[in-house]
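# Reading the structure
As a plain string of letters, each chain reads:
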Amino acid sequence: MGHRPPYQWYPHQGGHPLGYPAPPSPATAIVAGVLTVVNALWYLAGAVVTTVLLVASAPIAAEEVALLVLYAVLAVLLLIGGILLFARKPAGRVLVIIGSGTAAGYLVLAPLLSATAGLHLHVGVELGGYYLTFLLALLPAIATLVLALVKPTAVWVKSGAHRSSTMPGAAKLSRL
């Protein structure tokens, strides 16, 4: 008779060898957060460009003011959402979804309104009949929206939303 180990260990299909569940992967949330911050900087730059155009133009057009307000709101919404997403706060994920959804909706509607109603609601560079900025901004907005909506991002945010810290005063900060 051969020596038999006191226990038989079979590898599990993922997770910890002792049966603990694997921690959620932060991959989708981190990519969504990075894209969110990039989008926020994009809209912040758009707000700066629009402000320069407003200052340079003698009669101030209502479309430019609306564009400035939209860019500023999107920049703030996305920046705060991205920061809160990195902090694993559920409100951050919600702000990212709202901000990227609004940005994608605006980017789809702006060229249509420009073509049909004659409103110029888009600052960009034309390239071959298409707005280069439209493509550069729409793809990350849609990718951010999808990554913020997927289940792994929600699980990762939820798993960190109620974690405790050993740092003094962290409990007060985590409730903000």
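Residues numbered from 1 in each chain as written. Predicted model: local features only at pLDDT ≥ 70, side-chain atom pairs only at ≥ 80, totals over all residues. Heavy atoms only, no water.

## A word on the overall build of the chain
If you tally the helices and strands in the chain, you get six helices and two strands. Going from the N terminus to the C terminus, the chain shows its helices and strands as α-α-α-β-β-α-α-α. Among the 176 residues that make up the chain, the fraction classed as buried is 29%. Of the contacts made within the chain by residues no fewer than 6 positions apart, 67% connect residues no fewer than 24 positions apart. Here the chain has roughly 11400 Å² of accessible surface; of this, 73% comes from carbon and sulfur atoms. (Helix = DSSP H or I, 4+ residues; strand = E, 2+ residues; numbered from the N terminus. Buried < 20%, exposed > 50% of the residue type's maximum accessible area, 1.4 Å probe, protein only. Contact = heavy atoms within 4.5 Å. Areas by Shrake-Rupley, 256 points an atom, 1.4 Å probe, with all protein chains shown as cover.)

## Some remarks on the packing of aromatic side chains
Summed over the entire model, instances satisfying the criterion amount to two aromatic pairs. Here the aromatic rings of Tyr43 and Tyr71 are separated by 5.6 Å at their centres, their planes lie at 50°, and the arrangement is tilted. Residue Tyr43 is found in helix α1 (residues 27–56), and its partner Tyr71 is found in helix α2 (residues 62–86); the two are separated by 28 residues along the sequence. In terms of burial, Tyr43 and Tyr71 fall into one category: buried. Relative to Tyr106, the ring of Tyr71 lies with its centre 6.0 Å away and its plane at 85°, an arrangement referred to as edge-to-face. One end of the pair, Tyr71, is in helix α2; the other, Tyr106, is in helix α3 (residues 90–116), and 35 residues separate them in sequence. A relative accessible area of 6% places Tyr71 in the buried class. Site record: aromatic cluster; members linked through ring pairs are Tyr43, Tyr71 and Tyr106. (Phe/Tyr/Trp six-rings, centres within 6.5 Å; stacked < 30°, edge-to-face > 60°.)

## A look at the side chain of Thr153
Tracing the sequence through the fold places Thr153 in helix α5 (residues 151–161). Of the residues examined, Thr153 reaches a relative accessible area of 0% and is grouped as buried. Among the polar contacts made by the side chain of Thr153, one reaches the side chain of Thr28 at a distance of 2.7 Å. Leaving out residues up to four positions away in the same chain, Thr153 has contacts with Thr28, Ala29, Leu85, Arg93, Leu147 and Ala148. (Polar contact = N/O pair within 3.5 Å; in protein donor to acceptor, adjacent residues only side chain to side chain.)

## Topic: the nonpolar core
Nonpolar side chains in soluble globular proteins tend to end up buried together. Residues Tyr43, Tyr71, Ala103, Tyr106, Leu107, Leu138 and Ala141 are the most contacted members of the largest nonpolar core, which totals 17 residues. When neighbours within four sequence positions are excluded, Tyr43 is seen to be in contact with Tyr71, Leu74, Ala75, Leu78, Ala103, Leu107 and Ala137. By size, the runner-up hydrophobic cluster in this structure holds eight residues, among which are Ala29, Ala32, Leu147 and Ala148. (Core = buried A, V, L, I, M, F, W, Y, C linked by side-chain atoms within 4.5 Å.)

## Let's talk about a nonpolar patch on the surface
On the surface, Ile30, Val34, Val38 and Phe86 cluster together into a nonpolar patch covering about 320 Å² of accessible area. Element by element, the count of residues in the nonpolar patch is highest for α1, at three residues. Of note, Phe86 is situated in helix α2. Overall, the relative accessible area of 37% leaves Phe86 in the partly exposed class. (Patch = residues over 30% accessible without salt bridge, like charges linked within 9 Å, V, L, I, M, F, W, Y side chains within 5 Å. Salt bridge = Lys/Arg side-chain N within 4 Å of Asp/Glu carboxyl O.)

## A look at the confidence of the model for the chain
Low-pLDDT stretches of the model should not have their predicted coordinates read in fine detail. Residues of the chain with pLDDT of at least 70 account for 68%, and the chain-wide mean is 79. The lowest-confidence element of the chain is strand β1 (residues 126–127), averaging 52 in pLDDT; the highest-confidence one is α2, averaging 92. (pLDDT = per-residue confidence, 0-100.)

## Observations regarding unusual backbone geometry
One non-glycine residue, Arg88, adopts positive backbone phi at about 65°. Tracing the backbone shows Arg88 in the loop between α2 and α3. On the basis of relative accessibility, which here comes to 14%, the residue Arg88 falls in the buried class.

## Looking at the environment of Gly105
Along the polypeptide, Gly105 turns up in helix α3. The spacing of Gly105 and Ile142 is 37 residues in sequence and 9.5 Å in space, taken between C-alpha atoms.

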